[in-house]
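A closer look at the structure
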Amino acid sequence: LTFIQPPQVEWASGALAKGPLLRKSTRIQDLIEVFADEPARQQLAGEHVVYDVEMLATSSAEGELYTGVTHLYPGHVGGEYFMTRGHFHARREQGEVYFGLRGKGLLLLQNEHGQARLENVFAGSIHIIPGFTAHRLINTGNEVLSALAVWPAIAGHDYAALAKGFTLRVFEENQQILVREVQNG
Ligand code: F6R
Ligand code: ZN
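Residues numbered from 1 in each chain as written. Chains lettered and ligands numbered in written order. Predicted model: local features only at pLDDT ≥ 70, side-chain atom pairs only at ≥ 80, totals over all residues. Heavy atoms only, no water.

Some thoughts on empty space enclosed by the protein
- The tally for this structure, following the rule as stated, stands at 1 cavity of 30 Å³ or more.
- Phe88, His89, Arg92, Gln94, Pro130, Gly131, Phe132, Thr133 and His135 together form the lining of the largest cavity.
- Residue classes in the lining of the largest cavity are distributed as 3 nonpolar, 5 polar and 1 charged. (1 Å grid on protein atoms, 1.4 Å probe; cavity = no way out; pocket = protein on both sides within 12 Å on 5 of 7 lines; lining within 4 Å. Points joined across faces, edges and corners; volume = space filled by probe spheres on them. Nonpolar A, V, L, I, M, F, W, Y, C, P; charged D, E, K, R; others polar.)

Shown next, in the form of structure tokens:
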């Protein structure tokens, strides 16, 4: 009898290993109109990577779970911290769990009525994202923010529903975190 070697996450770096992986990089040039200051985004080097996602290539069947790590790099666009695009799940009722691995940041959660809240993300933090709740990671630190996520394979992503953005935006001003409410969220 042999013991199966499972995939691994290296807790300190968030790197996934020992399994077939899927990888996706999201660059400045991919994030059109995601940040408040679109002209500032256009001034930045388009190829610069804002975040990488690595996920285990596992079954997409109903009832199965996906596992992935997001590595969100430090940076700003017009003073607004680097962040993920953010999404609702296409299957709105499907939740997700995020675990902070390294770095420091915020998880922005927003319900379908536009009510938003922010949770601190740090190594060891656990985030229960309920159904019907859009989610976005924000890196407020100077290091890479890495978080592990587990979500239902059938959840899917709906990016279009948030095309006008979330109702909160997070900026750095005078070395402080500044949260702004936005009207057209
Ligand atoms: C999956 C999930 C994460 C994100 C990842 C990138 O449901 O929430 O794996 O997909 O953090 O963010 P988006 O998908 O918003 O570009
Ligand atoms: Zn999700």
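This is not the end of the story, as more comes after the structure.
Let's talk about the packing of aromatic side chains
- If you walk through the whole model with that rule in mind, you get 2 aromatic pairs.
- Judged by centre distance (6.5 Å) and plane angle (50°), the rings of Phe35 and Phe82 are tilted. You can see Phe35 sitting in the loop between strand S3 (21-27) and helix H1 (38-43) and its partner Phe82 sitting in the loop between strand S7 (80-81) and strand S8 (96-102), a full 47 residues away along the chain.
- Looking at Phe35, the relative accessible area reads 2%, which means it is buried.
- Judged by relative accessible area, Phe82 falls into the buried class, the value being 3%.
- The cationic tip of Arg85 hangs over the ring face of Tyr159; the distance from NZ or CZ to the ring centre is 5.9 Å.
- Here the basic side chain of Arg180 rests over the ring of Phe171, its NZ or CZ set 4.6 Å away from the ring centre. (Phe/Tyr/Trp six-rings, centres within 6.5 Å; stacked < 30°, edge-to-face > 60°. Helix = DSSP H or I, 4+ residues; strand = E, 2+ residues; numbered from the N terminus. Buried < 20%, exposed > 50% of the residue type's maximum accessible area, 1.4 Å probe, protein only. Lys NZ or Arg CZ within 6 Å of the ring centre and 35° of its normal.)

Thoughts on the site of ligand 1
- Taken together, 14 residues form the shell around ligand 1, and within it Tyr51, Thr70, Gly86, Tyr98 and Tyr159 come nearest.
- In the environment of ligand 1, an oxygen atom lies 2.7 Å from a nitrogen or oxygen atom belonging to the side chain of Tyr98.
- For ligand 1, whose unbound accessible area comes to 400 Å², protein coverage reaches 95%.
- Taken atom by atom, the bulk of ligand 1 overlaps the largest pocket. (Near = heavy atom within 4 Å. Polar contact = N/O pair within 3.5 Å; in protein donor to acceptor, adjacent residues only side chain to side chain. Areas by Shrake-Rupley, 256 points an atom, 1.4 Å probe, with all protein chains shown as cover. Sits in = over half its atoms within 2 Å of the grid points.)

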